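Observations on chain architecture
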Amino acid sequence: MAGRNFLFVPGPTNVPDRILRAMDRAMEDHRSSAFPALASGLLRDLKSVFKTTAGQPFIFPATGTGGWEAALVNTLSPGDRVLAPRYGQFSHLWIDLAQRHGLRVDIIDVDWGEGAPVERIEEILTADTQHEVKGVLIVHNETATGVTSDLAAVRRAMDAARHPALLYVDGVSSIGAIDFRMDEWKVDLAITGSQKGLMLPPGLGLVCASPRALAAGNQAKCPRVFFDFGDMSKANATGYFPYTPSLPLLHGLRESLAMLFEEGLDNVFARHRRLADGVRAAVRAWGLKLCARAPKWHSDTVSAILVPDGFNAADVIDVAFRRYNLALGAGLARVAGKLFRIGHLGDLNELMLLGAIAGTEMAMRDVGIKVTLGAGVAAAAEHYRGSAAPLPPRAVAAPSADAQPQPQPPGGKPGSLASRAAVRA
Ligand SMILES: *Cc1c(COP(=O)(O)O)cnc(C)c1O
């Protein structure tokens, strides 16, 4: 099929050309004296993405699911109790993983479309006077329903209960795209994967552990080998890994971090908010509803859009893919067929989103959903125009390296409007 595939699933996300090129290289000796420069730099710079100074990042050749496992097995023992709200397929799967490791999970079932219930968490922890609960597991951004939870409020609830449980956060579809503050929110284990906000192919599970989490490791009896923080720490201290790391992904991560830092993390978050607001304006213009029940739950990285009764969201996804080469995310488990998802995270801009919105409304019309063609595109376009940043200056040709310093042109600094007018005149 000619033209680009429009990849709008909430992970894997579009990999920028810069990152593809950075990964396109010959393999090298991961035990060479040159290697630690790469590994140590990554481990140092990842801290900024987690917003931590005290935390220690770990890079596993795995995925987000491996990150879930690493966080639990390095800090807990079989039979330990953990508290976990469940409000979508990802919180469900993490709970399942914990149970299969022999942990006792106190599940708080929450309607899909809402997020972490902070009052319930505070009540349960306050009642746990013996401090049997060792951890609280929160999915920051529930990718299945497009719901973001208030982590600062979860931390306040834990502090109000004066409870020492560790705070485990799945940030797989938030970190690098939605504000995340490990130190400020006293998160003990933060987890992400390479293929979402970090704009890389799948294949890395990234975990950041607080000093309290690392200390908990001394008592933790869950069996662990591949994911052992101790082995990893020892090798990482000298800039190496205990086994063969994913070399291309590490070079890709180097470039991904460079891109995030060039744009500035806060600008990255603001871009995601603005792109998401445009998608939400389109959904309103279509007369449809998000799965997220209230604006406070709205996710800036994925919108889960409910189709009207009598329609199957899987048909929208199928037509979008086969006819328009547009990949939308499916409804998972309980919401299968009821919703489709537009992922809006990673390497994206306004016009890419407008293309996805156009393809979505065409596919909806094709399956018989009554939306006005162009309505969503128009609403999003108005939002993007209305919220656009001031026009960036035109690029000015850089002087060649051996050029003599140029005399200041009359009428102001080089490149200023006054100087351009003077040059023209
Ligand atoms: C994608 C995702 C995962 C799973 O990650 P994998 O890389 O597929 O193992 C876990 N949690 C959330 C919130 C996700 O979005």
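Residues numbered from 1 in each chain as written. Predicted model: local features only at pLDDT ≥ 70, side-chain atom pairs only at ≥ 80, totals over all residues. Heavy atoms only, no water.

Domain parsing of the protein yields domain 1 (17-262) and domain 2 (265-387). Just the C-alpha atoms count here: the centres of domain 1 and domain 2 sit 28 Å apart. Tallying the contact residues gives 28 residues for domain 1 and 25 residues for domain 2. At the boundary of domain 1 with domain 2, total buried surface from both sides reaches about 2200 Å², with 63% on carbon and sulfur atoms. At the surface where domain 1 touches domain 2, the tally comes to three salt bridges. (Domains from an automatic or database assignment. Contact = heavy atoms within 4.5 Å. Buried area = accessible area lost by both parts, 1.4 Å probe. Salt bridge = Lys/Arg side-chain N within 4 Å of Asp/Glu carboxyl O.)

Helix packing geometry: the angle between the two helix axes and the distance between the axes. As a packed pair, helix α11 (residues 313-324) and helix α12 (residues 350-366) sit with axes 9 Å apart at the nearest point and diverge in direction by 115 degrees. Between α11 and α12 the crossing geometry is right-handed. For the pair formed by α11 and α12, the contact residues are Val316, Val319, Ala320, Arg323 and Tyr324 on the first element and Gly359, Met362, Ala363, Met364 and Asp366 on the second. Residues of the contact of α11 with α12, tallied by class, amount to seven nonpolar, one polar and two charged. (Axes fitted to C-alpha atoms, helices over the stretch in contact; angles between N-to-C directions. Helix = DSSP H or I, 4+ residues; strand = E, 2+ residues; numbered from the N terminus. Left-handed = near helix turned anticlockwise from the far one by under 90°. Nonpolar A, V, L, I, M, F, W, Y, C, P; charged D, E, K, R; others polar.)

Taken together, 13 residues surround the ligand, and among them Thr63, Thr65, Thr143, Asp170 and Lys196 come closest. For the ligand, a nitrogen atom lies 2.6 Å from a polar atom in the side chain of Asp170. Contact between the ligand and Gln195: an oxygen atom at 2.7 Å from a side-chain N or O atom of the residue. In isolation the ligand has 380 Å² of accessible area, and contact with the protein removes 88% of it. In the shell around the ligand, the residues fall into four nonpolar, seven polar and two charged. (Near = heavy atom within 4 Å. Polar contact = N/O pair within 3.5 Å; in protein donor to acceptor, adjacent residues only side chain to side chain. Areas by Shrake-Rupley, 256 points an atom, 1.4 Å probe, with all protein chains shown as cover.)

With four of five residues buried, strand β2 (residues 56-60) is to be regarded as a mostly interior element. The sheet contact formed by β2 and strand β10 (residues 205-209) spans five bridges and is antiparallel. Counted as the bridge partner of Pro57 is Cys208 from β10. (Buried < 20%, exposed > 50% of the residue type's maximum accessible area, 1.4 Å probe, protein only. Pairing = 2+ DSSP bridges.)

So, about the packing of helix α10 (residues 265-286) against α12. Contact geometry for α10 and α12: axes closest at 10 Å, N-to-C directions at 25 degrees. By the angle between their directions, the pair α10 and α12 is classed as roughly parallel. Once α10 is placed against α12, the crossing between them reads as right-handed. Residues Arg274, Leu275, Gly278, Val279, Ala282 and Trp286 of α10 touch α12, and the partners they reach there are Glu350, Leu353, Ile357, Thr360, Glu361 and Met364. When grouped by side-chain class, the residues that make up the contact of α10 with α12 number seven nonpolar, two polar and three charged. (Parallel < 35°, antiparallel > 145°, perpendicular 65-115°, else oblique.)

Another aspect to go through is the layout of surface pockets. Volume-wise, the largest pocket comes out at about 350 Å³. Where the lining of the largest pocket is concerned, the elements lending two or more residues are α6 (151-160) and α10. Ranked by residue count, the leading element in the lining of the largest pocket is α10, at four residues. For the lining of the largest pocket, the per-class residue count stands at seven nonpolar, four polar and eight charged. (1 Å grid on protein atoms, 1.4 Å probe; cavity = no way out; pocket = protein on both sides within 12 Å on 5 of 7 lines; lining within 4 Å. Points joined across faces, edges and corners; volume = space filled by probe spheres on them.)

Taken as a whole, this structure holds 27 salt bridges when the rule is applied. A salt bridge links Arg18 to Glu255, with the nearest nitrogen and oxygen atoms 2.7 Å apart. One end of the pair, Arg18, is in helix α1 (residues 17-23); the other, Glu255, is in helix α9 (residues 247-263), with 237 residues separating them in the sequence. In this structure Arg18 comes out as partly exposed when scored by relative accessible area, which is 29%. The partner of Asp318 in a salt bridge is Arg322, and the shortest N-O contact between them spans 2.7 Å. Of the two residues, Asp318 and Arg322 are both situated in helix α11; the distance of four residues between them amounts to about one turn of the helix. Residue class for Asp318 comes out partly exposed when judged on its relative accessible area of 32%.

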